[in-house]
Amino acid sequence: MTYMIVTRKRKVIGKPVASYNEAFELATRLYGDDVQDWLKHNLRIEEKR
């Protein structure tokens, strides 16, 4: 299973990664760990299907 970081309008950030933890670490490096910033960008981590 792979995961990807997605923002509003389904824009994929970077390439798919092997684990949720790796995707989360990448997202926090790119966007920080402030919840308000994540909400502003509608940032989420999804399973690649």
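Residues numbered from 1 in each chain as written. Predicted model: local features only at pLDDT ≥ 70, side-chain atom pairs only at ≥ 80, totals over all residues. Heavy atoms only, no water.

**Student:** Any details on the sheet that holds strand E1 (residues 3-7)? Residues and values, ideally.
**Tutor:** Taken in spatial order, the three strands line up as E2-E1-E3 in an open sheet, and their pairing is antiparallel. Among the strands making up the open sheet, the edge pair consists of strand E2 (11-17) and strand E3 (44-47). Across the sheet, the mean angle separating the axes of adjacent strands is 30 degrees when strand polarity is ignored. Sheet strands in contact with helix H1 (residues 20-31) are E1, E2 and E3, and its direction is about 35 degrees off that of E1. (Pairing = 2+ DSSP bridges. Helix = DSSP H or I, 4+ residues; strand = E, 2+ residues; numbered from the N terminus. Axes fitted to C-alpha atoms, helices over the stretch in contact; angles between N-to-C directions. Contact = heavy atoms within 4.5 Å.)

**Student:** Can you break down the nonpolar core residue by residue, with the values?
**Tutor:** In this structure, Tyr3, Ile5, Ile13, Val17, Ala23, Ala27, Trp38, Leu43 and Ile45 together form the largest nonpolar core, which totals nine residues. For this core, the elements supplying multiple residues, two or more each, are E1, E2 and H1. The residues touching isoleucine 45, leaving out its near neighbours within four places in the chain, are Tyr3, Met4, Ile5, Tyr20, Ala23 and Phe24. (Core = buried A, V, L, I, M, F, W, Y, C linked by side-chain atoms within 4.5 Å. Buried < 20%, exposed > 50% of the residue type's maximum accessible area, 1.4 Å probe, protein only.)

**Student:** Requested: an account of H1, with residues and values cited.
**Tutor:** In an α-helix, one turn spans 3.6 residues; hence positions three or four apart end up facing the same way. Taking 1.5 Å as the rise per residue, H1 with 12 residues should run 16 Å; its terminal C-alpha atoms sit 16 Å apart, in good agreement. Positive backbone phi, at 80 degrees, marks glycine 32, one or two positions downstream of H1. (Expected span 1.5 Å × (residues − 1).)

**Student:** Please set out the pattern of salt bridges residue by residue, giving values where relevant.
**Tutor:** Under the counting rule described, the total for this entry stands at two salt bridges. With its nearest N and O atoms 3.1 Å apart, the salt bridge here joins glutamate 46 to arginine 10. Of this pair, glutamate 46 sits in strand E3 while arginine 10 sits in the loop between E1 and E2, and the two are 36 residues apart along the sequence. Its relative accessible area of 55% is what places arginine 10 among the exposed residues. The salt bridge involving arginine 44 is made with glutamate 46; its shortest N-O contact spans 2.9 Å. Ionic contacts of the salt-bridge type, sharing partners, join the residues Arg10, Arg44 and Glu46 into one network. (Salt bridge = Lys/Arg side-chain N within 4 Å of Asp/Glu carboxyl O.)

**Student:** If you had to explain unusual backbone geometry to someone new, which residues and values would you point to?
**Tutor:** One non-glycine residue, asparagine 42, lies in positive phi territory at about 50 degrees. Among the secondary structure elements, asparagine 42 is positioned in the loop between helix H2 (35-41) and E3. A relative accessible area of 40% places asparagine 42 in the partly exposed class.

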